[in-house]
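Structural features, examined
Take a look at the letters that make up each chain.
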Amino acid sequence: MTDDKVKRRLTTVLCADVYGYSRLMEADETGTLETLRRYRTAIARLVERHDGRIVNTWGDAVIAEFASVVEAVQCAVEIQQEISNQDSDASQANPMRFRIGINLGDVMVDGSDIYGDGVNIASRLQELADPGGVVISSSVYDQVHNKLSVGFDCLGQRPMKNIAPLTSYRLTLGGQAAGPGSFPIEESATLSESAPAPRMDRRAPSSVTNVVSEWLTKLPRPVAAALTVSAFLIVINLFTSNKIWFHWPVAAILFGVVMRMVLGNRPESDGRSER
């Protein structure tokens, strides 16, 4: 008796395609095809370096999968950096730009091919990316936001064709949307030796701000507001006076919030049952 059960696995899918490919082909078919082949060679080399594999290529698209989410995002960063470096060296009139989407999800496996929403979502995320940019799903963000020296700009829930809306993030650096030449690359992982890696500490302020913002959003609104006002009062006290006075208003604010939450959580059924 044969087992016809569909095999599934959790994997990280990277989808990339060329922005304005039809326009480039119309302008110069031979040159565009030559450039595409050169970039695909570089992409395949980077995917292999990060322990991934090319699943499929058709037209101008590339689909790859990775066992590691961090390696997939780092690979996408290096792909955009390498393409940007090659464009600057070639000084092309119509440079070729890739858009990349990355998703962590469940896929169906058929031989060497993968199918399902895990792949479809990565493809839709790629369509949201700017030329030379990378967009990732929230499942990817949860795994990498504190492990890489890039920032993340939340795009919210964007409508996507035949896919339920989901939160996505655009890779950024220094408060700017990630584009050609804007990604930091580790020296050991860069194909172009002439391109130095930016200092890793440039992301520190933005990273702290993101962590604090995410933490506040997870708290109840009264608590988040009270903590924000309290922090503001503490800063004012420290920078405007040698005498410590912030503890009194802060204590009053926190006491009020605690009382509100305690009274708000009192069961209403007690009074009604006595009637």
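Residues numbered from 1 in each chain as written. Predicted model: local features only at pLDDT ≥ 70, side-chain atom pairs only at ≥ 80, totals over all residues. Heavy atoms only, no water.

Another point: the overall build of the protein chain. Within the protein chain, the regular secondary structure consists of nine helices and nine strands. Here the protein chain holds 275 residues, and the buried ones make up 39% of them. Summarising the internal contacts of the protein chain: among those between residues at least 6 apart in sequence, 66% fall at separations of at least 24. Accessible area of the protein chain: about 16200 Å², with a carbon and sulfur share of 54%. (Helix = DSSP H or I, 4+ residues; strand = E, 2+ residues; numbered from the N terminus. Buried < 20%, exposed > 50% of the residue type's maximum accessible area, 1.4 Å probe, protein only. Contact = heavy atoms within 4.5 Å. Areas by Shrake-Rupley, 256 points an atom, 1.4 Å probe, with all protein chains shown as cover.)

Evaluation of the coordinates by the stated rule reveals three aromatic pairs. Aromatic side chains Tyr141 and Phe152 sit 5.3 Å apart centroid to centroid with 85° between the ring planes, which places their arrangement in the edge-to-face category. Taken together, the residues Tyr141 in helix 5 (residues 138–144) and Phe152 in strand 7 (residues 151–160) connect sequence positions 11 residues apart. Each member of the pair, Tyr141 as well as Phe152, is classed as buried. An aromatic cluster of three or more residues is present, and its members are Tyr141, Phe152 and Tyr169. (Phe/Tyr/Trp six-rings, centres within 6.5 Å; stacked < 30°, edge-to-face > 60°.)

With that out of the way, let us pick up helix 4 (residues 117–128). The first and last C-alpha atoms of helix 4 sit 17 Å apart over 12 residues, in line with the 16 Å expected at 1.5 Å per residue. Buried within helix 4 we find Gly118, Val119, Ile121, Ala122, Arg124, Leu125 and Gln126. (Expected span 1.5 Å × (residues − 1).)

Counting 36 residues, the largest nonpolar core has Phe98, Ile102 and Ile136 as the members making the most contacts within it. Broken down by element, the residue count for this core peaks at eight residues, all from helix 3 (residues 69–90). Of all hydrophobic cores here, the second largest spans nine residues; its members include Val107, Val109, Val119 and Ala122. (Core = buried A, V, L, I, M, F, W, Y, C linked by side-chain atoms within 4.5 Å.)

With that settled, the discussion passes to the environment of Gly20. As for its placement among the helices and strands, Gly20 is situated in the loop between strand 1 (7–18) and helix 1 (21–27). Separated by 77 residues in the primary sequence, Gly20 and Arg97 place their C-alpha atoms 8.2 Å from one another.

To continue, consider the pairing of strand 2 (residues 52–58). Judged from the six bridges that link them, strand 2 and strand 3 (residues 61–66) form a sheet pairing that is antiparallel. Directly across from Ile54, in strand 3, lies its bridge partner Ala64. Counting the residues in the hairpin turn of strand 2 and strand 3 gives two residues, including Gly59, whose phi is positive at 60°. (Pairing = 2+ DSSP bridges.)

Here the focus is a nonpolar patch on the surface. A surface patch of nonpolar side chains, amounting to about 440 Å² of accessible area, comprises Val235, Leu238, Phe239 and Ile244. As for its position among the elements, Phe239 is in helix 7 (residues 221–240). (Patch = residues over 30% accessible without salt bridge, like charges linked within 9 Å, V, L, I, M, F, W, Y side chains within 5 Å. Salt bridge = Lys/Arg side-chain N within 4 Å of Asp/Glu carboxyl O.)

Here we take up unusual backbone geometry. Phi at Asp51 is positive, roughly 60°, even though this residue is not glycine. Within the secondary structure, Asp51 is located in the loop between helix 2 (29–49) and strand 2. The exposure class assigned to Asp51 is exposed, which follows from its relative accessible area of 65%.

If you walk through the whole model with that rule in mind, you get seven salt bridges. Arg8 serves as the salt-bridge partner of Asp106, at 2.8 Å between the closest nitrogen and oxygen. Taken as a pair, Asp106 in strand 4 (residues 98–110) and Arg8 in strand 1 lie far apart in primary sequence, 98 residues in all. Using a relative accessible area of 37% as the deciding quantity, one classes Asp106 as partly exposed. Note that Glu65 and Arg53 form a salt bridge whose closest N and O atoms lie 2.7 Å from each other. Taken together, the residues span a long stretch of sequence, with Glu65 in strand 3 and Arg53 in strand 2 at a distance of 12 residues. Exposure remark for Arg53: the relative accessible area of 28% places this residue in the partly exposed category. Through salt bridges that share partners, Arg9, Arg53 and Glu65 make up one connected network.

Below, the discussion takes up helix 2. Turn by turn, an α-helix covers 3.6 residues, leaving residues three or four places apart pointing in a common direction. For helix 2, spanning 21 residues, the distance from its first C-alpha to its last is 30 Å, which sits close to the expected 30 Å at 1.5 Å a residue. For helix 2, the set of buried residues is Gly31, Thr32, Thr35, Leu36, Tyr39, Ala42, Ile43, Leu46 and Val47. For helix 2, the buried positions fall inside an angular range of 135° around the axis, keeping them on one side. Facing away from the buried side of helix 2, by more than 90 degrees, are the exposed residues Thr30, Glu34, Arg37 and Glu48. (Arc of directions from axis to C-beta.)

Geometry only, nothing functional implied.
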